[in-house]
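# Secondary and tertiary structure notes
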Amino acid sequence: MVKHTKSVYEIIQTIPVESMIALSFPQLRDFEAQLKEEVIAHTLKHREKTKEYHRAVLALRWVQGVIRIKSVDEAKGV
């Protein structure tokens, strides 16, 4: 029996933007690390870029954008 697990993309999709920005840097870095692993796994598993690969890349870019916004806000003192 194969256990179906949610991808990080599906998890991030359910989190509202305000809550995503409220996450701490370690939590965001954990999401980023998981997404990088997911992207690598999809790359190694398939020769073609699949829908899951594109979703993982999109989620990775989203998390990296949130990290950038949060670091800029902290640098400005907002």
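The structure this text deals with has already been given above.
So, here's what we can say about the structure.

### Focus on the overall build of the chain
Along the chain, the regular secondary structure elements total 4 helices and 0 strands. For the chain, the sequential pattern of α-helices and β-strands runs α-α-α-α. Reported as C-alpha extents along the three principal axes, the dimensions of the chain are approximately 50 × 25 × 20 Å. With 78 residues in all, the chain has 29% of them scored as buried. Considering only intrachain contacts with a sequence separation of at least 6, the fraction spanning at least 24 residues in the chain is 69%. In the structure as shown, the chain presents an accessible area of about 6,100 Å², 57% of it carried by carbon and sulfur atoms.

### Concerning the pattern of salt bridges
Applying the stated rule across the entire model yields 2 salt bridges. In this structure, Lys-36 and Glu-32 form a salt bridge, with 3.8 Å as the shortest nitrogen-oxygen distance. Placement of both Lys-36 and Glu-32 in helix H3 (residues 25–45) is noted, with a separation of 4 residues, approximately one turn of the helix. Among the residues examined, Lys-36 registers a relative accessible area of 40% and is labelled partly exposed. Here Glu-32 falls in the buried class, since its relative accessible area comes to 10%. Each of Arg-29, Glu-32 and Lys-36 takes part in salt bridges that share partners, so that together they form one network.

### Overview of the packing of H3 against helix H4 (residues 51–76)
Interaxial distance between H3 and H4 falls to 9 Å at its minimum, and their mutual angle equals 155°. When the axis of H3 is compared with that of H4, the two are roughly antiparallel. Taken as a pair, H3 and H4 cross one another with a handedness that is left-handed. Partitioning the contact of H3 with H4 into residue classes produces 13 nonpolar, 4 polar and 7 charged.

### A short note on the nonpolar core
In terms of nonpolar packing, the biggest core is built from 17 residues, with Ile-12, Met-20, Leu-28, Phe-31, Leu-35, Val-39 and Val-63 touching the most fellow members. Looking at this core, the elements that each hand over two or more residues are helix H1 (8–13), H3 and H4. With 8 residues, the single largest contributor to this core is H4. Val-63 has contacts with Ile-12, Met-20, Leu-28, Phe-31, Glu-32 and Leu-35, leaving out every residue within four places of it along the chain.

### Comments concerning the side chain of Glu-32
Among the polar contacts listed, one links the side chain of Glu-32 to the side chain of Gln-64, at a separation of 3.2 Å. Those residues in contact with Glu-32 that lie beyond four places of it in its chain are Leu-60, Val-63, Gln-64 and Ile-67.

Rules behind the numbers
- Residues numbered from 1 in each chain as written.
- Predicted model: local features only at pLDDT ≥ 70, side-chain atom pairs only at ≥ 80, totals over all residues.
- Heavy atoms only, no water.
- Helix = DSSP H or I, 4+ residues; strand = E, 2+ residues; numbered from the N terminus.
- Buried < 20%, exposed > 50% of the residue type's maximum accessible area, 1.4 Å probe, protein only.
- Contact = heavy atoms within 4.5 Å.
- Areas by Shrake-Rupley, 256 points an atom, 1.4 Å probe, with all protein chains shown as cover.
- Salt bridge = Lys/Arg side-chain N within 4 Å of Asp/Glu carboxyl O.
- Axes fitted to C-alpha atoms, helices over the stretch in contact; angles between N-to-C directions.
- Parallel < 35°, antiparallel > 145°, perpendicular 65-115°, else oblique.
- Left-handed = near helix turned anticlockwise from the far one by under 90°.
- Nonpolar A, V, L, I, M, F, W, Y, C, P; charged D, E, K, R; others polar.
- Core = buried A, V, L, I, M, F, W, Y, C linked by side-chain atoms within 4.5 Å.
- Polar contact = N/O pair within 3.5 Å; in protein donor to acceptor, adjacent residues only side chain to side chain.

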